[in-house]
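Reading the structure
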Amino acid sequence: MSITSLLAISLGAILTNNFIFAQFLGICPFLGVSKKIDTAVGMGAAVTFVMGLASAVCYGINRLLVAAGLEYMQTVAFILVIAALVQFVEMFLKKNVPTLYTALGVYLPLITTNCAVLGVALLNVQNDYNFIQSVVYGITGGLGFLLAIFLFAAVREQLEFADNPKCFDGFPIALITAGLIALAFMGFSGLQVWPM
C-alpha cells in the first residue's frame, strides 16, 4: 500500500467518484438538509464521522463473516452497525450540540438509511480494500459528501433571492442546480495527479 494509492482513493472519493454527484447515493439528506449552510455542514460532518467509523467497524465485521462463511449476511450486519453508530451520534449531538440536533431534526435518523453510508461499506468489500484503505475511503467519501452538500447549500441560499421564472421557483431550480454542479464535477473525471 502506497501513499499514491491512498491519494488516488481520496481524490476519487471526493471529486471523481463523489457519492452525491457521480454515484447518486445519499440524495435524500442532500436535498432535504441543504437549505442552510450551517445545517448542511452539520449533516456533512455527521455523515463523515459515521462513514469513517462504519468503514472501520464494518471491515472487522466483514472479516468475521467471511471467516464464518456468512458473506451473505453482509448487508444486514452493515445496516445494524450503521444504525448503532447513528444512535451514538444522535445521543452525542442531543447532549452536546442541541441546536444542531434540533436543526437536523428528522434527517439525523435518516443517516441510518442513508444509502451512501451503506454504500461505502459495501464498496469497501467490493473493491477489496484493506483496513487503512477502507477507513480512508470512508472518511474521504464523507468529505466528498460534505463538499457536495456545502456547495449546494451555498447555492440554494442564493437562489432564495434569485429572480427565477415562476415555474422554476423552489425545488425545480434546486434540481437543475444540482444537475449543473454534478456536470461540473464530471470535469474531474480526466484528472491525472501524477504521471503514469
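Look up: the structure comes first, before these words.
Residues numbered from 1 in each chain as written. Predicted model: local features only at pLDDT ≥ 70, side-chain atom pairs only at ≥ 80, totals over all residues. Heavy atoms only, no water.

1. Some details on the layout of surface pockets
In this structure, the second largest pocket occupies an estimated 150 Å³ of space. Along the walls of the second largest pocket sit K35, R156, L159, E160, A162, N164, D169, G170, F171, I173 and A174, which together make up its complete lining. Elements with a contribution of two residues or more to the lining of the second largest pocket: α7 (131-159) and α8 (171-186). Top contributing element to the lining of the second largest pocket by residue count: α8, with three residues. A class-by-class count of the residues in the lining of the second largest pocket yields five nonpolar, two polar and four charged. (1 Å grid on protein atoms, 1.4 Å probe; cavity = no way out; pocket = protein on both sides within 12 Å on 5 of 7 lines; lining within 4 Å. Points joined across faces, edges and corners; volume = space filled by probe spheres on them. Helix = DSSP H or I, 4+ residues; strand = E, 2+ residues; numbered from the N terminus. Nonpolar A, V, L, I, M, F, W, Y, C, P; charged D, E, K, R; others polar.)

2. Re the nonpolar core
Within the largest apolar cluster, 49 residues are counted, with the highest numbers of intra-cluster contacts made by F19, F21, F30, M43, I111, V117 and Y137. Looking at this core element by element, the count peaks at eight residues for helix α3 (residues 37-68). Contacts of I111, omitting those with residues within four sequence positions, involve M43, A46, V47, V50, I82, V86 and V117. (Core = buried A, V, L, I, M, F, W, Y, C linked by side-chain atoms within 4.5 Å. Buried < 20%, exposed > 50% of the residue type's maximum accessible area, 1.4 Å probe, protein only. Contact = heavy atoms within 4.5 Å.)

3. Quick look at the packing of α3 against helix α6 (residues 115-126)
For the pair α3 and α6, the least separation of the axes is 9 Å and the interaxial angle reads 40°. Between α3 and α6 lies a crossing whose hand is right-handed. Residue-level contacts link V47, V50, M51, A54, S55, C58 and N62 of α3 to A116, V117, V120, A121, N124 and V125 of α6. The residue makeup of the contact of α3 with α6, split by class, is ten nonpolar, three polar and no charged. (Axes fitted to C-alpha atoms, helices over the stretch in contact; angles between N-to-C directions. Left-handed = near helix turned anticlockwise from the far one by under 90°.)

4. Quick word on the packing of α3 against α7
At a closest axis distance of 8 Å, the pairing of α3 and α7 adopts a crossing angle of 165°. Regarding the angle of α3 to α7, the classification is roughly antiparallel. Between α3 and α7 the crossing geometry is right-handed. Split by residue class, the contact of α3 with α7 holds 19 nonpolar, eight polar and one charged. (Parallel < 35°, antiparallel > 145°, perpendicular 65-115°, else oblique.)

5. Description of a nonpolar patch on the surface
Judged by side-chain polarity, F49, L53, V57, F88 and M91 come together as a nonpolar surface patch covering roughly 450 Å² of accessible area. Contributions of two or more residues to the nonpolar patch are made by α3 and α4 (74-96). Considering every element that reaches the nonpolar patch, the biggest residue donor is α3, with three residues. (Patch = residues over 30% accessible without salt bridge, like charges linked within 9 Å, V, L, I, M, F, W, Y side chains within 5 Å. Areas by Shrake-Rupley, 256 points an atom, 1.4 Å probe, with all protein chains shown as cover. Salt bridge = Lys/Arg side-chain N within 4 Å of Asp/Glu carboxyl O.)

6. Notes on unusual backbone geometry
Residue F24 is not a glycine yet carries a positive backbone phi of 55°. Among the residues examined, F24 registers a relative accessible area of 55% and is labelled exposed. Although it is not a glycine, D128 adopts a positive phi angle of roughly 55°. Within the element layout of this structure, D128 appears in the loop between α6 and α7. In this structure D128 comes out as exposed when scored by relative accessible area, which is 66%.

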